[in-house]
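# Architecture at a glance
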Amino acid sequence: DPGDGAALPDNASATPAGLVIVGVGLLENLTANRALLTLAALAVVGLYLVLRFASLPRALLAMVPIAFAVGFSSIVVGLLGITLSPMTTVGGPLVIATCGEFAVLVLDRYLEERRDNGHDPVEATRVASARTGRAFTTSAVTTVGGFAVLTFAPLPLLSDFGAVVTVNIAIAVLSALVGLPPL
């Protein structure tokens, strides 16, 4: 039934097409491949960290808070009942990127304190945390605040995206700034 009351001829067929169909297919693919996107992001960041630090142990050290942040953010988003959508599919890679950035900066600062200032591990951790913590906290609070505003959007898609990004960035920062220094 073409919708206007006229019947289709027996030899005719109709196939859904257009931008809506392409959009729906894209959204289904993004949602279905959420775990794959997260794993791909972990692999790329892991490879970068190995190249950046020229050391597998240091790269793995930086990956610990990243892996924790990915897992914990998924749990928190689930417990909060935030609806996952194609926009929130980028949550995993976003946590990886944010936490990776903070972890690299904290670890670099620690290594600099050890190498350039000759501090022992405990003192290097204390100095690196003190000198990077405030700047990262300020950066994180402004970023979280900016995305948190989206939670008040009248569109559920934007509101859920804002909630997911807010949770993800907060967890990523905590993971890097609280989890990495003791390691």
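Residues numbered from 1 in each chain as written. Predicted model: local features only at pLDDT ≥ 70, side-chain atom pairs only at ≥ 80, totals over all residues. Heavy atoms only, no water.

Let us look at a nonpolar patch on the surface. Nonpolar side chains collect at one region of the surface, where Phe68, Phe72, Ile75 and Leu79 lie side by side and expose about 440 Å² of accessible area between them. Mapped onto the elements of the fold, Leu79 is located in helix 3 (residues 56-80). (Patch = residues over 30% accessible without salt bridge, like charges linked within 9 Å, V, L, I, M, F, W, Y side chains within 5 Å. Areas by Shrake-Rupley, 256 points an atom, 1.4 Å probe, with all protein chains shown as cover. Salt bridge = Lys/Arg side-chain N within 4 Å of Asp/Glu carboxyl O. Helix = DSSP H or I, 4+ residues; strand = E, 2+ residues; numbered from the N terminus.)

So, about the packing of aromatic side chains. All chains considered together, the criterion is met by two aromatic pairs. With 5.4 Å between their ring centres and 10° between their planes, Phe68 and Phe72 make a pair best called stacked. Placement of the pair is Phe68 and Phe72 together in helix 3, with a separation of four residues, close to one helical turn. What makes Phe68 partly exposed here is its relative accessible area of 47%. Here Phe72 falls in the partly exposed class, since its relative accessible area comes to 36%. For the ring pair Phe147 and Phe161, a centre distance of 6.3 Å and an interplane angle of 80° mean the geometry is edge-to-face. Taken as a pair, Phe147 in helix 5 (residues 121-148) and Phe161 in helix 6 (residues 156-179) lie far apart in primary sequence, 14 residues in all. Owing to a relative accessible area of 15%, Phe161 belongs among the buried residues under this scheme. (Phe/Tyr/Trp six-rings, centres within 6.5 Å; stacked < 30°, edge-to-face > 60°. Buried < 20%, exposed > 50% of the residue type's maximum accessible area, 1.4 Å probe, protein only.)

Another point: the nonpolar core. Counting residues in each nonpolar core, the largest one holds 38 residues, and the members touching the most others are Leu49, Phe53, Ile66 and Ile96. A total of 11 residues in this core trace back to one element, the largest contributor, which is helix 6. Look past the residues within four positions of Phe53 in its chain and what remains in contact with it is Arg58, Ala59, Ala62, Val104, Leu107, Asp108 and Leu111. (Core = buried A, V, L, I, M, F, W, Y, C linked by side-chain atoms within 4.5 Å. Contact = heavy atoms within 4.5 Å.)

Here the focus is unusual backbone geometry. Even without being glycine, Ala54 reaches a positive phi, approximately 50°. As for its placement among the helices and strands, Ala54 is situated in the loop between helix 2 (34-53) and helix 3. Owing to a relative accessible area of 70%, Ala54 belongs among the exposed residues under this scheme.

Attention now moves to the pattern of salt bridges. Going through the model one piece at a time under the given rule, you end up with six salt bridges. Residues Arg52 and Asp108 are paired through a salt bridge, measuring 2.5 Å at the closest nitrogen-oxygen approach. With a gap of 56 residues between them, Arg52 in helix 2 and Asp108 in helix 4 (residues 91-117) connect regions that are remote in the sequence. When its relative accessible area of 22% is taken as the criterion, Asp108 is described as partly exposed. In this structure, Arg115 and Asp116 form a salt bridge, with 3.1 Å as the shortest nitrogen-oxygen distance. The exposed category is assigned to Arg115, whose relative accessible area is 60%. Several salt bridges converge on common partners, so that one network encompasses Arg109, Glu112, Glu113 and Arg131.

Moving on, we come to the side chain of Ser159. Mapped onto the fold, Ser159 is located in helix 6. Using a relative accessible area of 15% as the deciding quantity, one classes Ser159 as buried. Setting aside chain neighbours within four positions, we find Ser159 in contact with Leu150, Thr151 and Ala153.

Moving on: the environment of Pro16. Assignment of secondary structure puts Pro16 in the segment before helix 1 (19-32). Accessibility expressed as a relative area gives 60% for Pro16, which makes it exposed. Residues Pro16 and Val178 lie 162 residues apart in sequence; the distance between their C-alpha atoms is 51 Å.

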